[in-house]
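# Reading the structure
Now for the letters of each chain:
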Amino acid sequence: MVSLRTGTVVKAQTNLYEVRLDGEEQVILCALRGRLRRQAGDVLTGDRVEVALQDGGAAIERVLPRRNRLVRPPIANVDRVLLVQSLQEPDPVPILMDRVIVQAEAMDLPVVIAFTKLDRVARAPEDPLPGWAARLVEGYRLAGYPVHLLAAPRGWGVEGLAAALREGVTVVAGPSGAGKSTLLNALQPGLNLATGEVSRKLGRGRHTTRFVELLPLAGGGWVADTPGFSKLELPELEPEELGDLWPEIRRAAPGCRFRGCLHRSEPGCAVRAARDQGQIASWRYQNYLVLLSEVEERLAERYR
Ligand SMILES: Nc1nc2c(ncn2[C@@H]2O[C@H](COP(=O)(O)OP(=O)(O)OP(=O)(O)O)[C@@H](O)[C@H]2O)c(=O)[nH]1
Ligand SMILES: [Zn+2]
């Protein structure tokens, strides 16, 4: 008797796959069905698969269509990017955050922002933030991103973030030392990731071939054990496309006088008007201009 079931690959290794069948807690080890075997490596962590269960054995029969896929880490069907950034040590560099966000936006991935180490800049979770931090949070909230403020070792903000990650698969991004491992440990007390471990797993060492694993979170949902978006390069795009990757610019742009407005110095620019009215944070707008120049320079180099 063969029974066909669907499930999710939680860990793809060479020719061996850990699959969690829908509706079950347990993870089973699967081989690949012949025809798929030639394309090993085409089955990724996060893939939705059809599994044939037959006395004693389990084999992946088919990979169901993917909604998306990341190259680094190799993972399919990502639901969101969690951008983790400490409020202090390392200090936030907003344009670096915006570079990560632009990459996620280019893939249509929702972004959730978690500012960690709140206890370094506030005595209590409700205390007002220093001005610079308040402007940072405000700018991202104006853009429409959910922003969480946390101090995981004190339990501040952990529940709210857990609720935001309850569904689907999350890939974490953020600089070394931002508190990613600390945060994941707070979200899944069984994990016991050594602090500093996430980046070691990043594979900054050249020879690391490691397998991405989806870890279940205590409050529901899954998180990839390997961070993504560590490259700060912008995706290939035309200058006119950059604004689409900034939600607050995207919303205002239809009001611009000229189609193809780059929102720099064109007359009748609704994006600049929105900035003047405080609907777009001026630092976000400035970062957009910096990245716009970068996109233009890269384009110019291509024709040189
Ligand atoms: N005060 C305070 N310290 C924190 C907080 N979160 C993390 N830390 C500390 O910050 C340091 C770095 O935290 P990690 O969790 O290792 O950071 P990471 O992002 O995983 O770092 P990499 O693995 O290098 O990418 C550790 O010493 C943590 O104890 C926090 O909310 N408040
Ligand atoms: Zn404009």
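Under an unreviewed UniProt entry, the name given to the chain is Small ribosomal subunit biogenesis GTPase RsgA, and the organism recorded is Thermaerobacter subterraneus DSM 13965. Within the UniProt record for the chain, the comment given under Sequence similarities (unreviewed entry) is "Belongs to the TRAFAC class YlqF/YawG GTPase family. RsgA subfamily." UniProt annotates the chain under Subunit (unreviewed entry) with the comment "Monomer. Associates with 30S ribosomal subunit, binds 16S rRNA."

With that settled, the discussion passes to the overall build of the chain. For the chain, the count of helices and strands is 10 helices and 13 strands. Seen through its C-alpha atoms, the chain measures out along the principal axes to roughly 70 × 50 × 35 Å. When burial is assessed residue by residue, the chain has 37% of its 304 residues classed as buried. Taking the intrachain contacts of the chain between residues at least 6 apart in sequence as the baseline, contacts between residues at least 24 apart amount to 66%.

Turning our eyes to something else, we now look at the sheet that holds strand β1 (residues 2-13). In a beta sheet, neighbouring strands are held together by backbone hydrogen bonds and run either parallel or antiparallel to one another. With mixed pairing, the five strands of this closed barrel are ordered in space as β1-β2-β3-β5-β4. Sheet twist, expressed as the mean angle between neighbouring strand axes with direction ignored, is 50°. Summarising the sheet, strand β2 (residues 16-21) and strand β3 (residues 27-32) pair through four bridges and their orientation is antiparallel. Residue pairing across strands places R20 opposite V27, the latter belonging to β3.

Count of turn residues in the β2/β3 antiparallel hairpin: five residues, of which G23 carries a positive phi of about 80°. In this sheet, strand β5 (residues 57-63) lies alongside β3 in parallel orientation, the contact comprising two bridges. In the sheet register, A31 faces β5, and the bridge partner there is A59.

By domain assignment, the chain separates into domain 1 (2-63), domain 2 (69-224) and domain 3 (239-303). Contacts between the two partners involve nine residues from domain 1, matched on the other side by 11 residues from domain 2. With four residues, β1 is the single largest residue contributor to the side of domain 1 that touches domain 2. In terms of residue class, the side of domain 1 that touches domain 2 is made up of three nonpolar, three polar and three charged.

Okay, the nonpolar core next. The biggest cluster of nonpolar side chains holds 73 residues, and the ones touching the most others in it are V81, L83, A114 and L150. Looking at which element gives the most residues to this core, the answer is helix α2 (residues 94-106), with five residues. Those residues in contact with L150, other than ones at most four positions away along the chain, are A114, F115, T116, L118, W156, G157, V158, L161 and L183.

Bringing helix α3 (residues 131-143) into the picture now. Helix length check: α3 (13 residues) gives 18 Å between terminal C-alpha atoms against 18 Å at 1.5 Å per residue, within 8%. Along α3, the positions that sit buried rather than exposed are L136, G139, Y140 and A143. The arc enclosing the buried residues of α3, seen along the axis, measures out at 90°, which places them on a common side. Residues of α3 that are exposed and point over 90 degrees away from its buried face: G131 and A134. Where α3 is buried, its residues contact α2, β9 (111-116), β10 (147-149), α8 (247-252) and α10 (282-303).

What counts and what doesn't
Residues numbered from 1 in each chain as written. Chains lettered and ligands numbered in written order. Predicted model: local features only at pLDDT ≥ 70, side-chain atom pairs only at ≥ 80, totals over all residues. UniProt positions renumbered as here; feature names shortened; annotations may be inferred. Helix = DSSP H or I, 4+ residues; strand = E, 2+ residues; numbered from the N terminus. Buried ≥ 20, exposed ≤ 12 C-beta atoms within 10 Å, placed from the backbone. Contact = placed C-beta atoms within 7 Å. Pairing = 2+ DSSP bridges. Axes fitted to C-alpha atoms, helices over the stretch in contact; angles between N-to-C directions. Domains from an automatic or database assignment. Nonpolar A, V, L, I, M, F, W, Y, C, P; charged D, E, K, R; others polar. Core = buried A, V, L, I, M, F, W, Y, C linked by C-beta atoms within 7 Å. Expected span 1.5 Å × (residues − 1). Arc of directions from axis to C-beta.

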